[in-house]
Amino acid sequence: MRRLILRGLLLCMLLAGCAAERETPPAAGPEAEPERTAPYRFAVGYSGSGYTEVFQQWRELVAEDTQENVELLLYGENVLGEGKEMLQAVQRGTLSIMASSTSVHTQLVPEASVLDIPACFPEYSQAFRVYEGAFFQALNQYYQKQGLELLFLRTGEPWIISSVEPVTSLEQLKNFRLRTSGSVCHNRLYDLLGVRCVEDVGLSGLAYILDENGVDGIETTYSILRSQDLLDVQPYALRGPMFVMSSAIVMNYDAFHSMPREYQDSIKERLRQILSQRQNEMSIQDEEQIHVRDLNPADQEMLRRLAAPIRDEILESVEEALVQALVQENGTQPQ
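Since the model is a prediction, treat every value here as computed from it, not as a measurement. (Residues numbered from 1 in each chain as written. Predicted model: local features only at pLDDT ≥ 70, side-chain atom pairs only at ≥ 80, totals over all residues. Heavy atoms only, no water.)

**Describing the side chain of Thr180**
Positionally, Thr180 belongs in the loop between β7 (177-179) and α5 (184-192). Other than its neighbours up to four places away in sequence, Thr180 contacts Asn187, Tyr190, Cys197, Val198, Glu199 and Glu219. (Helix = DSSP H or I, 4+ residues; strand = E, 2+ residues; numbered from the N terminus. Contact = heavy atoms within 4.5 Å.)

Right under this line is the structure:
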């Protein structure tokens, strides 16, 4: 009898031990390190070696932050095509990242046209701003719906109309042959001013078309004129104010969101740090090599009247919340 009791106790102890062994969770192994990703191809649609140097610095900092698990392959100054083609390639995933004027984005992301509101309405259009708050977040939602992730958004220099001889009034722009940036909104305003728009002339063709007397002037910026060595042949400029340059850097949505969160943060934060510094340098650059004029008050008022329908059409085409976010981040109120 005693043996039976002992056997029963021994069996219970064995079963209890097995159960405890089954309930004990397996020891956690070492945490897997993030794998090295395939190189991300980054196409730049800006002119000038200054931007190439800035993006090289960004590439190096991101590699350092991610233990070289994220590699950016840089292709500068439109070598992979024009802005629209590059944006479509990013959307498809055949290109990872691109930088360009936001004007070329409006076919895919119509809401980006809010940045094309003429600069004679400063509550909506301001130079040298980096957007990273409410407006950036709101606009990024529209980019995301198109398979894109907004990495950086800013406005830069005012667009100017450069020329050989001084242009100081709207009257002088009638029948003026102007090589334009190609923006639909820009061209509409120039049409209203009686300007003869000349499109589809790339940066590399500017010197040639000027030599051939194919245009009277160029819609450009001071930085573009300097990078293309055109300041000597285009020594005068009319600022208006007409428009403000706006640009964005976007990435393929799936490629961005497949990365660990700390890599995503590095890509955006490092880009913001470097380009914000570049922005500050541009806002105080020396423009002594060109004579810039603004319109007189009467012409500025006429410009506002002509541009008002363009402004209203853009505002009616986007959601009010997006407009309010823009005004809020600009720190202004509509007049």
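**Regarding the sheet that holds strand β10 (residues 236-240)**
Ordered in space as β8-β7-β9-β6-β10-β12, the six strands form an open sheet in which the pairing is mixed. Of all strands in the sheet, those bounded by a partner on one side alone are β8 (196-198) and β12 (291-294). Looking at each pair of strands side by side, their axes are set apart by 30 degrees on average, direction ignored. Both β7 and β8 contribute to a ladder of three bridges, which runs parallel. (Pairing = 2+ DSSP bridges. Axes fitted to C-alpha atoms, helices over the stretch in contact; angles between N-to-C directions.)

**Considering the sheet that holds strand β5 (residues 148-158)**
The strand order β2-β1-β3-β11-β5-β4 describes an open sheet built from six strands, whose pairing is mixed. Only two strands of the sheet have a single partner each, and these edge strands are β2 (72-75) and β4 (129-131). Shown here is a sheet whose adjacent strand axes are inclined to one another by a mean of 15 degrees, direction ignored. Pairing geometry for β5 and strand β11 (residues 244-252), over eight bridges, is antiparallel. Within the sheet, the bridge partner assigned to Thr155 lies in β11 and is Ser246.

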